[in-house]
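The residues making up each chain are set out below.
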Amino acid sequence: PSRGFAAGSTSTLRRVKPANAGTFTRRTPPHLHTPEMGLFDLFKRGPVLPSLSAADFLAQRAPEAPVLDVRTSAEFAQGHLEEARNVNVLAGDFAAQVEALGLDRDTPVYLYCRSGHRSSKAQRRLAKLGFAQPVNVGSLGALKQAGAKTVRSRTTATRSVSVARGAARRTT
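All values derive from a computational prediction rather than experimental measurement. (Residues numbered from 1 in each chain as written. Predicted model: local features only at pLDDT ≥ 70, side-chain atom pairs only at ≥ 80, totals over all residues. Heavy atoms only, no water.)

S.K.: Describe the overall build of the protein chain, with residues and values.
M.R.: Scanning the protein chain from terminus to terminus reveals 6 helices and 8 strands. Along the protein chain, helices (α) and strands (β) appear in the sequence β-β-α-β-α-β-β-α-β-α-β-α-β-α when read from the amino end. For the protein chain, the share of sequence-separated contacts (at least 6 apart) that also reach a separation of at least 24 residues comes to 61%. Here the protein chain has roughly 12100 Å² of accessible surface; of this, 54% comes from carbon and sulfur atoms. (Helix = DSSP H or I, 4+ residues; strand = E, 2+ residues; numbered from the N terminus. Contact = heavy atoms within 4.5 Å. Areas by Shrake-Rupley, 256 points an atom, 1.4 Å probe, with all protein chains shown as cover.)

Printed below as a string of structure tokens:
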């Protein structure tokens, strides 16, 4: 009988259980699995890129290592890490902005955004650009909670004050 079926009476077929049923186990080839990988990591594209918790970032970061805030310039102006540079990962010229910074491709480059999603995207893009150690440190909120110092840009504060004053004049 082919394909696990046996002929029964007249035109019915019944399923035949293979002789080795229940003994088959699927094993991941050793070159595809490392101890820190999960089951679904095998289906992700590209290499597994490093990430750090906010507390680990603050404890381990070398002061000269660059930190990139990959949010929009408006988000950056509302508050960012003191030493961060803004490079919008969603901008069409992201690669050109990164190249203009003149970063060393062999040293760690730390990335953060509002939630960690855009910094993960930026991490993959930097890896494709040849950066050896792009590190996702997650969200600005987590960094603040861990004790990171943040600053606001003066231009946004001034602009929001003047907008508020203009709105107050119109309503009176």
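This is not the end of the story, as more comes after the structure.
S.K.: Can you tell me about the nonpolar core, naming the residues and giving the values?
M.R.: One finds F57, V67, L81, Y110, Y112, V137 and L143 to be the most contacted residues of the largest nonpolar core, which totals 14 residues. Breaking this core down by element, the ones donating at least two residues are α1 (54–60), β6 (109–113), β7 (134–139) and α5 (140–145). Residues in contact with V137, not counting those within four places in the same chain, are L52, A54, F57, Y110, L111, Y112 and L143. By size, the runner-up hydrophobic cluster in this structure holds 13 residues, among which are L68, F94, L111 and F131. (Core = buried A, V, L, I, M, F, W, Y, C linked by side-chain atoms within 4.5 Å. Buried < 20%, exposed > 50% of the residue type's maximum accessible area, 1.4 Å probe, protein only.)

S.K.: Please set out the sheet that holds β6 residue by residue, giving values where relevant.
M.R.: Taken in spatial order, the 4 strands of this open sheet run β5-β3-β6-β7, and their pairing is parallel. Each edge of the open sheet carries a strand with a single partner, namely β5 (85–86) and β7. Note that β6 and β7 share 4 bridges and pair parallel. Bridging across to β7, L111 finds its partner in N136. Against the sheet, helix α4 (residues 117–128) touches β3 (67–69), β6 and β7, its axis set at about 150° to β6. (Pairing = 2+ DSSP bridges. Axes fitted to C-alpha atoms, helices over the stretch in contact; angles between N-to-C directions.)

S.K.: Tell me about the packing of aromatic side chains, and please be specific about residues and values.
M.R.: The relation between two aromatic rings is expressed through the spacing of the ring centres and the mutual angle of the planes. Under the definition given, this model contains 1 aromatic pair. Lying over the aromatic face of F131, R105 brings its terminal NZ or CZ to 4.7 Å of the ring centre. (Phe/Tyr/Trp six-rings, centres within 6.5 Å; stacked < 30°, edge-to-face > 60°. Lys NZ or Arg CZ within 6 Å of the ring centre and 35° of its normal.)

S.K.: How would you summarise the pattern of salt bridges if you had to cite specific residues and measurements?
M.R.: Under the defined criterion, the tally for this structure stands at 4 salt bridges. The partner of R105 in a salt bridge is E99, with the nearest N and O atoms 2.5 Å apart. You can call R105 partly exposed: its relative accessible area is 27%. (Salt bridge = Lys/Arg side-chain N within 4 Å of Asp/Glu carboxyl O.)

S.K.: Account for the pairing of β7, with residues named and values stated.
M.R.: Moving residue by residue along a regular strand, the side chains alternate between the two faces of the sheet. Buried residues dominate β7, accounting for 6 of its 6 residues. Regarding topology, α4 serves as the crossover connection from β6 to the parallel β7, and that connection is right-handed. (Right-handed = clockwise from strand over helix to strand, strands pointing away.)

S.K.: Now, about the environment of Q97: what can you tell me, with residues and values included?
M.R.: The residue Q97 is located in helix α3 (residues 94–101) in this model. The spatial distance from the C-alpha of Q97 to the C-alpha of N86 is 9.3 Å, given a sequence separation of 11 residues. Within the local environment of Q97, its side chain forms a polar contact with the side chain of D93, the two groups lying 2.8 Å apart. (Polar contact = N/O pair within 3.5 Å; in protein donor to acceptor, adjacent residues only side chain to side chain.)

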